[in-house]
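A closer look at the structure
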Amino acid sequence: MIPSAFAYHRPGDLAAAIGLLAEHGDEARVIAGGHSLIPMMKLRMAEVGHLVDLQAVAELKGITVDGARATIGAMVTQAELIGHEGLAKALPLLREAALQIADPQVRYVGTVGGNVANGDPGNDMPGLMQCLDASFTLVGPGGSRDVAARAFYHGLYATERAEDEILTRITVPVAAGGYAYEKQKRKIGDYATAAAAVLLTKSGGKVASASVAMTNLSDVPVWSEAAAAALVGSDCGEAAVKAAVAAMLGDIDPQKDNRGPIEFKRHVAGVILGRAIARAWTRA
């Protein structure tokens, strides 16, 4: 449980942090809250020659809401996200999900950027950001670029971010309508067996638009276009919910682990999605 030796760096600005990544190449890793990287280092599952701590980089902090969109700095903690009243009013789904992440001790240190950047399909924020159609700003030696959350994840711990890039902020369109984040887990602090983020709008008693994403049911977060399409135009009744669940089950690929066998996970996924759709509909 002791990591191998590494050099520790604490840059004061973003340019210095990017310079360290460029200088040390694949021997360097950035650390935000550290809840994913530090355990892997202790277990010798990750060997890091140069650890670049982003805590002192002011450019990566802060939350702004301008009416049409919200911008969240990568180093904003889950606790800061929960406590921001403007963000909670504009995007209540974010607060609802963040309150279900781990426990208060973790939320006071764990960052939003760290949660979305490392490509862990068990993290809550990746699927949530896909549901909300967020985008991530990546900055590296070659400049800045924006990547849609729905195009960011390629596989287990594999993302669009290059090794010399830093995820600096998350931009989320302000979304009206009904919302819900439902999560089943074995105990406080555990990853979800299954979790669902749902966003719905209603017009004339029918679903006008929908977005559905699932967590920890594949090697990437699953944004299910088919599940959303099954809801649009319906009255969100039992038949529509069953159709959405069936469509989602066609998109996920859970694997057996200590949270249960595959069929159990598929059953839980259907139950959780059904609950999320029902609660989002009552709020639409």
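Notes on the structure in this doc start here. Note that the structure is predicted; figures quoted are calculated from it, not measured. (Residues numbered from 1 in each chain as written. Predicted model: local features only at pLDDT ≥ 70, side-chain atom pairs only at ≥ 80, totals over all residues. Heavy atoms only, no water.)

Digging into a nonpolar patch on the surface
The grouping of Met 1, Leu 43 and Met 45 at the surface amounts to a nonpolar patch, some 390 Å² of accessible area in total. With respect to the helices and strands, the residue Met 1 is situated in the segment before strand 1 (7-9). (Patch = residues over 30% accessible without salt bridge, like charges linked within 9 Å, V, L, I, M, F, W, Y side chains within 5 Å. Areas by Shrake-Rupley, 256 points an atom, 1.4 Å probe, with all protein chains shown as cover. Salt bridge = Lys/Arg side-chain N within 4 Å of Asp/Glu carboxyl O. Helix = DSSP H or I, 4+ residues; strand = E, 2+ residues; numbered from the N terminus.)

Considering helix 11 (residues 262-283)
Here helix 11 is 22 residues long and its end C-alpha atoms lie 32 Å apart, about the 32 Å a rise of 1.5 Å per residue gives. Against the buried residues of helix 11 lie strand 11 (178-185), strand 12 (192-203), strand 13 (206-215), helix 9 (225-231) and helix 10 (238-251). (Expected span 1.5 Å × (residues − 1). Contact = heavy atoms within 4.5 Å.)

Comments concerning the side chain of Ser 224
Considering the arrangement of structural elements, one finds Ser 224 in the loop between strand 14 (222-223) and helix 9. When its relative accessible area of 0% is taken as the criterion, Ser 224 is described as buried. From its side chain, Ser 224 meets the backbone nitrogen of Ala 227 in a polar contact 3.1 Å long. Filtering out sequence-adjacent residues up to four positions away, Ser 224 remains in contact with Val 212, Ala 247, Met 248 and Asp 251. (Buried < 20%, exposed > 50% of the residue type's maximum accessible area, 1.4 Å probe, protein only. Polar contact = N/O pair within 3.5 Å; in protein donor to acceptor, adjacent residues only side chain to side chain.)

Section: the nonpolar core
Grouped together as the largest cluster of nonpolar side chains are 43 residues, with contacts concentrated most on Leu 94 and Met 129. When near neighbours in sequence (up to four residues on either side) are disregarded, Met 129 contacts Leu 94, Val 112, Val 116, Ala 134, Phe 136, Ala 149, Ile 170 and Val 172. One finds Leu 200, Met 214, Ala 227 and Leu 231 within the second-largest nonpolar core, a separate group that totals 30 residues. (Core = buried A, V, L, I, M, F, W, Y, C linked by side-chain atoms within 4.5 Å.)

Let's talk about helix 8 (residues 124-131)
The buried fraction of helix 8 is high, at eight of eight residues. Looking at helix 8, one finds that the buried residues are Asp 124, Met 125, Pro 126, Gly 127, Leu 128, Met 129, Gln 130 and Cys 131.

So, the packing of aromatic side chains
Taken as a whole and assessed by the stated rule, the structure comprises three aromatic pairs. Both rings, one in Phe 136 and one in Tyr 153, keep their centres 6.5 Å apart while their planes meet at 80 degrees; by these two values the pair is edge-to-face. Taken as a pair, Phe 136 in strand 6 (residues 135-140) and Tyr 153 in strand 8 (residues 153-155) lie far apart in primary sequence, 17 residues in all. Across this residue pair, the class does not change: Phe 136 and Tyr 153 are buried. For the pair Phe 152 and Tyr 153, a centre-to-centre distance of 5.0 Å together with 85 degrees between the ring planes defines the contact as edge-to-face. (Phe/Tyr/Trp six-rings, centres within 6.5 Å; stacked < 30°, edge-to-face > 60°.)

Things to note about the sheet that holds strand 3 (residues 50-53)
Spatial strand order, 1-3-2: three strands in an open sheet with parallel pairing. Of all the strands in the sheet, just strand 1 and strand 2 (28-31) have a single pairing partner and so form its edges. The sheet shows a mean angle of 25 degrees between the axes of neighbouring strands, direction not considered. Relative to strand 3, strand 1 runs parallel, the two sharing three bridges. Counted as the bridge partner of Ala 7 is His 50 from strand 3. (Pairing = 2+ DSSP bridges. Axes fitted to C-alpha atoms, helices over the stretch in contact; angles between N-to-C directions.)

Quick notes on the side chain of Asp 124
Structurally, the position occupied by Asp 124 is in helix 8. Polar contacts involving the side chain of Asp 124 include one to the side chain of Tyr 181, which spans 2.6 Å. Asp 124 has contacts with Ile 101, Asn 115, Tyr 181, Lys 183 and Thr 215, leaving out every residue within four places of it along the chain.

Things to note about a negative patch on the surface
A surface patch of negative charge is lined by Asp 26, Glu 27, Glu 163 and Asp 164. Within the fold, Glu 27 resides in the loop between helix 1 (14-24) and strand 2. Here Glu 27 falls in the partly exposed class, since its relative accessible area comes to 44%. (Lys, Arg positive; Asp, Glu negative; His and termini not counted. Charge placed at Lys NZ, Arg CZ, Asp CG, Glu CD.)

Let's talk about the pattern of salt bridges
Here the structure, examined in full by the defined rule, presents 15 salt bridges. For Glu 96, the salt bridge identified is with Arg 279, shortest N-O distance 3.2 Å. Placement of the pair is Glu 96 in helix 5 (residues 92-98) and Arg 279 in helix 11, with a sequence separation of 183 residues. With a shortest N-O distance of 2.7 Å, Arg 186 and Asp 190 are connected by a salt bridge. Arg 186 gets classed as partly exposed once you look at its relative accessible area, which sits at 43%. Three or more residues joined by partner-sharing salt bridges are found here, namely Arg 186, Asp 190, Asp 257, Arg 259 and Lys 265.

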